Amino acid sequence: DTGVSQDPRHKITKRGQNVTFRCDPISEHNRLYWYRQTLGQGPEFLTYFQNEAQLEKSRLLSDRFSAERPKGSFSTLEIQRTEQGDSAMYLCASSLGGGSGSPLHFGNGTRLTVT
Amino acid sequence: GDSVTQMEGPVTLSEEAFLTINCTYTATGYPSLFWYVQYPGEGLQLLLKATKADDKGSNKGFEATYRKETTSFHLEKGSVQVSDSAVYFCALSDLGSNDYKLSFGAGTTVTVRA
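Predicted, not measured: the structure shown is a model, and the values here were computed from it.

Draft legend 1. Layout of the pattern of salt bridges. Residues and elements named next belong to chain A. Following the criterion strictly, the structure yields six salt bridges over all chains and no others. In this structure, Asp24 and Arg22 form a salt bridge, with 2.8 Å as the shortest nitrogen-oxygen distance. For Asp24, a relative accessible area of 27% puts it in the partly exposed group. Ionic pairing is found between Asp86 and Arg64, a salt bridge with its closest N-O pair at 2.8 Å. Taken together, the residues span a long stretch of sequence, with Asp86 in the loop between strand S8 (75-79) and strand S9 (88-95) and Arg64 in the loop between strand S6 (53-57) and strand S7 (65-68) at a distance of 22 residues. Judged by relative accessible area, Arg64 falls into the buried class, the value being 11%.

Draft legend 2. Focus on the environment of A:Tyr33. Residues and elements named next belong to chain A. Structurally, Tyr33 can be placed in strand S4 (residues 31-37). Its relative accessible area of 1% is what places Tyr33 among the buried residues. Spatially, the C-alpha atoms of Tyr33 and Leu46 are 7.5 Å apart, while their sequence positions differ by 13 residues. Within the structure, Tyr33 has its side chain in polar contact with the side chain of Ser95 (distance 2.4 Å).

Draft legend 3. Structural context of the pairing of S7(A). Residues and elements named next belong to chain A. Only one face of S7 is buried, namely the one carrying Phe65 and Ala67, since none of Ser66 and Glu68 on the opposite face is buried. Judged from the four bridges that link them, S7 and S8 form a sheet pairing that is antiparallel. Residue Glu68 lies in a different strand from S8, and its bridge partner there is Thr76. Turn length for the S7-S8 hairpin, with the two strands adjacent in sequence and antiparallel, is six residues, and the turn residue Gly72 shows positive phi of about 70°.

Conventions we followed
Residues numbered from 1 in each chain as written. Chains lettered and ligands numbered in written order. Predicted model: local features only at pLDDT ≥ 70, side-chain atom pairs only at ≥ 80, totals over all residues. Heavy atoms only, no water. Salt bridge = Lys/Arg side-chain N within 4 Å of Asp/Glu carboxyl O. Buried < 20%, exposed > 50% of the residue type's maximum accessible area, 1.4 Å probe, protein only. Helix = DSSP H or I, 4+ residues; strand = E, 2+ residues; numbered from the N terminus. Polar contact = N/O pair within 3.5 Å; in protein donor to acceptor, adjacent residues only side chain to side chain. Pairing = 2+ DSSP bridges.

Have a look at this one:
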């Protein structure tokens, strides 16, 4: 069990640029989640996949955000035309199914800074 | 909507002191309640959970009891160590067994001095 891996750890970009983050979940986990955390706040739910299907999206996920999990393994989160308000830590988590026996395992996050 | 309010930090304690972090919640249904911990340089980890009223979650010397009457889930540890220095997040899920859509509190930073 190598844990949830996120890449890159840090990303600095200029406003208006597109960025893409990658998440590799724990290999046997079928569920994958994206959260966003701003300074001094707790994480906020963005979206969730079961295998390759994106089952729910928060209203926080504007049209500039898109997430994919094409083969039900790794996932990407793309932000188009970045804005300064997008600066945050983007967290990925995975779990094995649902229910009380399947806690979320979080990665270390990708910190995005939009200048 | 669902929300969690937890004690503001930062909290600074001496080793072997008693730690309490208050957490109260607002939810329309019967939520599951969680405490997550984030150690320096690491990702969030589940510390403990409780899924129904009067349940007590415990792990690593930490405890929290689900109090429906006071809508609270306060975290306690009787004797903290330097290694307990971390950010602690209270969270809830109001989706029954589907506990993926967590609502987190703002986090409480705890520093334990030797």
